[in-house]
Every structure is written in C-alpha cells, then in structure tokens.
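Working through the structure, step by step
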Amino acid sequence: MTPKTPVRRTPWPDSSSRAVVTPLQPSVVYASESPDALDAQYDGRAPGYTYAREGHPNADVLATKIDTMEGAQGGLVVGSGMAAVTATMLGLLKAGDHVVGGNQLYGRSMRMLAEELPRFGIGTAMADPTDVAAVEAALTPDTRLILVEVVSNPTLRVSDIEGIVNLARARGLLLAVDNTFTTPRGFRPFDHGADIVIHSVTKLLAGHSDATLGYVALKDPGRRKAVYDTAVTLGLTPSPFDCWLAERGLYSFELRYDRAESNAAALADALAGMPGIRRVLYPGRRDHPDHNRATSLLGDRGGNMVSFEIDGGRDAANALVRAAADIAFAPTLGDIGTTLSHPATSSHRALTPEARAALGMSEGFFRVSVGVEDADLLIDEFGIAIAAATG
Ligand SMILES: *Cc1c(COP(=O)(O)O)cnc(C)c1O
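Residues numbered from 1 in each chain as written. Predicted model: local features only at pLDDT ≥ 70, side-chain atom pairs only at ≥ 80, totals over all residues. Heavy atoms only, no water.

1. Things to note about the pattern of salt bridges
So the rule is basically this: One side-chain nitrogen of Lys or Arg within 4 Å of one carboxyl oxygen of Asp or Glu is enough to make a salt bridge. Each helix is a run of DSSP H or I of at least 4 residues and each strand a run of E of at least 2, with the numbering of both proceeding from the N terminus. Between buried and exposed lies partly exposed: a residue is buried under 20% and exposed over 50% of the maximum accessible area for its type, with that area taken using a 1.4 Å probe on protein chains only.
For the coordinates displayed, the defined rule picks out 19 salt bridges. Residue Arg144 is joined to Asp97 by a salt bridge in which the shortest nitrogen-to-oxygen separation is 3.5 Å. One end of the pair, Arg144, is in strand β4 (residues 143-149); the other, Asp97, is in the loop between α3 (81-92) and β2 (98-102), with 47 residues separating them in the sequence. Looking at Arg144, the relative accessible area reads 30%, which means it is partly exposed. As a salt-bridge pair, Asp229 and Lys225 come within 2.5 Å of each other at their nearest N and O atoms. You can see Asp229 and its partner Lys225 sitting in helix α8 (residues 221-234), 4 residues apart, about one turn around the helix. Take Lys225: its relative accessible area is 48%, and that puts it in the partly exposed class.

Structure (structure tokens):
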C-alpha cells in the first residue's frame with residue numbers, strides 16, 4: 001500500500017519556553033473558528049488576521065517599531081518606499097486635485113509627479129523647497145498636498161521645513177515629508193508639524209540592502225484609513241520575510257546610523273583637503289549652502305550622505321570608480337557598507353546635461369552613502385581613488 005501524502009498541516013510543537021526572536025509568519029490565510037468569529041474580526045470586535053494582503057503580523061511588528069521612532073500611531077508598512085508614496089497620493093487625492101513636490105525629490109517620486117499622477121487627472125508642480133516663496137508661487141486653488149524631503153538628493157540641500165509647515169497650515173494643505181535620508185534619529189517630521197511621514201525602509205532603517213519596504217504614517221486617523229484601504233486594494237502589501245529582515249536590521253539602526261554619521265563627517269572633512277576635489281557637500285560643514293538651516297533643523301546630525309565633485313569629466317569619474325574597487329558602485333543608500341553613486345549616469349540620467357548643471361551635478365559629481373567601516377580605511381580608499389582619477 002502506498003502511504004498517504006501528509007497534506008494536512010501538523011500543529012506547531014508545544015513549548016513551555018518561548019522563542020526570543022519574532023517568528024516569521026508567511027501564512028497568506030488565517031483559519032477562523034466559525035462564521036461568528038470571522039464576523040467579529042471583520043467588524044473589529046476581535047483582533048487578528050484574515051488574509052495577508054490586508055495585513056500580517058510581521059508587517060505590524062515592524063510598523064509599531066517605526067511608529068515609536070517617529071512618534072507616530074498606526075503607521076503602515078508597504079512593499080516599497082514608492083508604494084508608500086503611491087498609497088499616500090492615490091489614497092488622499094482625486095482627479096482635479098493638485099500636488100506640489102520638491103524639485104529634487106527622489107527620482108521616481110519626481111516621475112510620479114511628472115508622469116503618473118497627471119494621467120489620473122491630478123495636477124502637479126515642482127518647486128525649490130529651500131525657498132518657501134517658490135513653493136507658495138507653485139500653489140493653485142486646487143493644491144491639496146505638498147511633498148518634500150528634508151535633505152535632497154544628491155546635492156544635500158536642506159528644505160525650509162519651518163516655512164513650508166507655516167505655509168501649509170495657513171492654506172489648509174497637507175504636508176508629507178519623505179524622511180528617508182534624515183531618518184527619525186536626525187529629524188522627526190511630526191514634531192515639526194508635518195501631517196504625513198514617508199520612508200523607504202529599504203535604506204537606512206533596514207540597513208542591509210536585502211529587503212525592499214516602505215512606511216507611511218498619518219496624523220489623522222480618517223486619512224490613515226483611506227491610505228490603508230488604497231494600499232490593500234492596489235496590492236501594495238509587504239513580504240513577511242522582508243518585514244522580518246527589516247525588523248532584525250532595525251535593532252542595530254542607532255548604532256549603524258551614529259557610526260555612519262561620524263564617518264561621513266570625517267570623510268567630508270578629509271575630502272575637502274584633497275587635491276583634485278572641486279567642492280564637498282555635507283550639511284554639517286560650515287561651507288554647506290544651507291548650513292545654518294541644517295543646524296537649526298537637524299542640530300548636530302549631519303547624516304551619512306556626502307557629495308563631492310572632482311576635476312575632469314566622465315574619464316576621471318570612470319577612473320575613480322575603477323580605483324575604488326572595494327567600494328560598491330551602486331545606486332542606493334543606507335547600506336551597512338559605503339556605496340558610491342554617480343547621478344549623471346543613474347538617478348539623474350533622464351535630465352539634460354544643462355538641467356543637471358543647473359542643479360549642480362557635473363560628470364565629476366559623486367554621492368557617497370557612508371557606511372560603518374573604519375573611518376581611516378575609508379579616507380585612505382577615497383584618497384587613493386581620487387589621486388588616481390585626478391592626479
Ligand atoms: C529609495 C527612496 C525612495 C523609494 O524607495 P524604494 O524602497 O526603493 O521604493 C523614496 N524616497 C527616497 C528619498 C529614497 O531614497
């Protein structure tokens with residue numbers, strides 16, 4: 001007789017002690033005791049999960065942790081940073097509404113404003129967030145929401161958040177802050193009057209370049225419900241495994257961030273003294289164009305991002321990347337290790353050379369996401385690579 005295949009699932013073994021690590025729960029469905037019990041769950045009278053697209057424990061555990069860091073309640077974890085931007089826009093806006101975004105937003109956020117939202121009848125405009133008068137000039141009677149980042153990519157300009165908060169309040173507009181670069185350790189948007197906080201958890205919060213996730217929190221519970229419903233309907237659900245990895249990464253976030261930040265400050269100062277360097281951009285340095293605002297908004301938190309420009313064009317850029325072979329040349333940020341990106345061939349490749357020049361990005365312009373390795377080693381590696389490229 002052939003044995004029957006054991007397709008029925010076996011109960012989880014009992015243990016009088018409990019695991020210290022959050023369990024990974026990949027179950028898509030949850031079995032209920034009775035129609036009455038399911039009814040109670042859907043009505044919100046009983047806690048629990050029904051179907052993973054609508055929520056699962058690994059997402060909720062992660063969301064609660066980021067809520068604590070941001071001073072938020074009921075934040076939502078979604079499948080990517082862009083899913084968080086999408087859920088915010090499509091959950092809160094309708095055809096005929098208008099959005100104003102910073103003119104140096106993350107590339108895909110800019111593209112959402114430039115190309116996607118207009119297809120659905122949502123008007124958009126981009127304005128310089130370091131200049132509140134420019135943001136005000138971009139508003140129309142239909143504007144409902146302003147989206148900004150605190151520190152811009154890749155020139156690390158610091159937005160006039162206080163001015164924009166006052167403007168949004170005076171005009172009754174929602175202010176969404178993408179806090180990915182600054183992280184809650186550098187800046188807490190809700191403490192400054194923002195209505196919505198967005199993160200690409202993929203970056204510094206998860207910190208190991210092995211999970212793609214986003215987070216959005218809203219102050220207003222009604223709007224939170226609207227964004228949640230849109231996220232569930234559009235299928236922006238995060239993977240339980242990614243949530244589990246990000247939770248694991250989050251435990252070391254403070255240590256990683258502080259170390260990466262002090263490395264970044266040291267690297268910025270070292271770069272500024274090297275031959276072949278035209279300029280260094282770091283919000284914590286006195287020569288940064290927004291240094292005073294950085295100090296008042298971020299205190300002594302300069303962050304882990306440093307940008308610099310070398311002499312020579314594309315040839316020098318190629319030589320630098322080849323010579324810095326141990327530093328990953330990769331268009332991301334927030335990894336545990338240092339990564340280097342070249343905006344002209346990656347994040348800002350869609351712009352014309354003239355438009356890039358207007359934003360201060362030549363072929364010799366690089367952005368560094370500084371990691372947690374030894375600072376002296378890092379400074380040596382950059383010194384050798386820059387000498388090889390420009391010497
Ligand atoms: C990476 C990034 C995003 C998008 O996040 P994904 O997780 O890649 O979708 C949004 N905003 C900022 C500032 C980012 O750096």
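So, next bit.
2. Points about the sheet that holds strand β9 (residues 305-310)
What counts, and what does not: Here, strands pair whenever DSSP counts at least two bridges between them.
In spatial order, the strands read β8-β9-β12-β11-β10; together these 5 strands make up an open sheet with mixed pairing. What marks the edges here is a single partner per strand, and that holds for β8 (277-281) and β10 (328-329). Direction of pairing for strand β11 (residues 339-341) relative to strand β12 (residues 365-369): antiparallel, over a ladder of 3 bridges. Bridge pairing in β12 places Leu340 opposite Val368.

3. Brief notes about the packing of helix α10 (residues 253-272) against helix α14 (residues 375-390)
Note the following rule: Each axis is a line fitted through C-alpha atoms, and for a helix only the stretch in contact is used; angles between axes span 0 to 180 degrees, taken between their N-to-C directions. Take the far helix as your reference; a near helix turned counterclockwise from it by less than a right angle gives a left-handed crossing, and one turned clockwise gives a right-handed crossing. By definition in these notes, contact holds between two residues if any of their heavy atoms fall within 4.5 Å. Gly is placed with the polar residues, together with every amino acid not listed as nonpolar (Ala, Val, Leu, Ile, Met, Phe, Trp, Tyr, Cys and Pro) or charged (Asp, Glu, Lys and Arg).
At a minimum axis separation of 10 Å, α10 and α14 run at an interaxial angle of 35°. At the point where α10 passes α14, the crossing takes the right-handed sense. Of the residues in α14, those touching α10 at Asn263, Ala266, Leu267, Ala270 and Leu271 are Ala375, Ile379, Phe382 and Ile386. Looking at the contact of α10 with α14 residue by residue, the class counts come to 8 nonpolar, 1 polar and no charged.

4. What to know about the site of the ligand
Convention followed: Whether a residue is near a molecule or strand is decided by its heavy atoms; if any one of them lies within 4 Å of it, the residue is near. Pairing of N or O atoms within 3.5 Å defines a polar contact, subject to two protein rules: one partner must be a possible hydrogen donor and the other a possible acceptor, and residues neighboring in sequence count only if both atoms are side-chain atoms. To be clear on the numbers: accessible area is Shrake-Rupley with a 1.4 Å probe, and residue cover counts the displayed protein chains and nothing else.
Every one of the 13 residues lining the ligand counts as a neighbour, but Gly81, Asp178, Ser200, Thr202 and Lys203 are closest to it. The side chain of Asp178 places a nitrogen or oxygen atom 2.6 Å from a nitrogen atom of the ligand. Taking Ser200, its side chain carries an N or O atom lying 2.9 Å from an oxygen atom of the ligand. The protein chains hide 92% of the 380 Å² of surface that the ligand would expose on its own. In the shell around the ligand, the residues fall into 5 nonpolar, 5 polar and 3 charged.

5. Thoughts on empty space enclosed by the protein
A probe as big as a water molecule, rolled over the atoms, marks out the empty space that is left. We apply this condition: Whether a set of points on the 1 Å grid over the protein atoms alone is a cavity depends on a 1.4 Å probe fitting there but being unable to get out, while an open set qualifies as a pocket with protein on both sides within 12 Å along at least five of seven lines; lining residues are those with an atom within 4 Å of a point. Grid points are joined across faces, edges and corners, and a volume is the space filled by probe spheres set on the points. For the domains described, the bounds stem from an automatic or database domain assignment.
Throughout the structure, instances matching the rule amount to 3 cavities of 30 Å³ or more. Of the volumes computed, that of the largest cavity is approximately 80 Å³. As for the largest cavity, its lining consists of 13 residues, of which Val151, Phe181, Gly302, Gly303 and Asn304 are closest to the centre. Split by residue class, the lining of the largest cavity holds 7 nonpolar, 5 polar and 1 charged. Here the lining of the largest cavity gathers at least three residues from each of two domains, domain 1 (35-250) and domain 2 (253-390). A volume near 50 Å³ is recorded for the second largest cavity. Partitioning the lining of the second largest cavity into residue classes produces 6 nonpolar, 3 polar and 2 charged.

6. Structural notes on the packing of α3 against α8
To be explicit about the condition: Each angle is binned into one of four classes, with values under 35 degrees roughly parallel, values over 145 roughly antiparallel, values of 65 to 115 roughly perpendicular, and all other values oblique.
Their axes nearest at 8 Å, the elements α3 and α8 cross at an angle of 115°. What the angle tells us is that α3 and α8 run roughly perpendicular. The interaxial crossing formed by α3 with α8 has right-handed handedness. Between α3, through Thr86, Ala87, Thr88, Leu90, Gly91 and Leu92, and α8, the contact on the second element is made entirely by Arg223, Ala226, Val227, Thr230, Ala231 and Leu234. In terms of residue class, the contact of α3 with α8 is made up of 7 nonpolar, 4 polar and 1 charged.

7. Considerations on the layout of surface pockets
Looking at the largest pocket, its volume works out to about 640 Å³. In this structure, the largest pocket is lined by 30 residues; those nearest its centre are Tyr49, Glu54, Gly55, Asp60 and Tyr228. Every element with two or more residues in the lining of the largest pocket is listed here: α1 (35-42), α2 (57-70), β1 (76-78) and α8. Taken together, the residues that form the lining of the largest pocket break down as 16 nonpolar, 10 polar and 4 charged. Looking at the second largest pocket, its volume works out to about 540 Å³. As for the second largest pocket, its lining consists of 21 residues, of which Gly107, Arg108, Ser346, Ser347 and His348 are closest to the centre. Sort the elements by how many residues they give to the lining of the second largest pocket and helix α4 (residues 107-119) lands first, with 6 residues.

8. Side note on the domain arrangement of the protein
Our working definition: Buried area is understood as the total, over both parts, of accessible area removed when two parts are fitted together, assessed with a 1.4 Å probe.
Splitting the protein by domain gives domain 1 (35-250) and domain 2 (253-390). Each of domain 1 and domain 2 has a C-alpha centre, and these two points are 27 Å apart. Counting each side, the surface lost to burial between domain 1 and domain 2 is near 2800 Å², with a carbon and sulfur contribution of 61%. Glu254 is the salt-bridge partner of Arg185, the closest N and O atoms lying 3.7 Å from each other. At the junction of domain 1 and domain 2, the tally comes to 16 residue pairs in polar contact (both at pLDDT 80 or more). The set of elements that each furnish at least two residues to the side of domain 1 that touches domain 2 consists of α6 (161-171), α7 (183-186) and α9 (240-250). Of the residues forming the side of domain 1 that touches domain 2, the biggest block, 3 residues, is contributed by α7.

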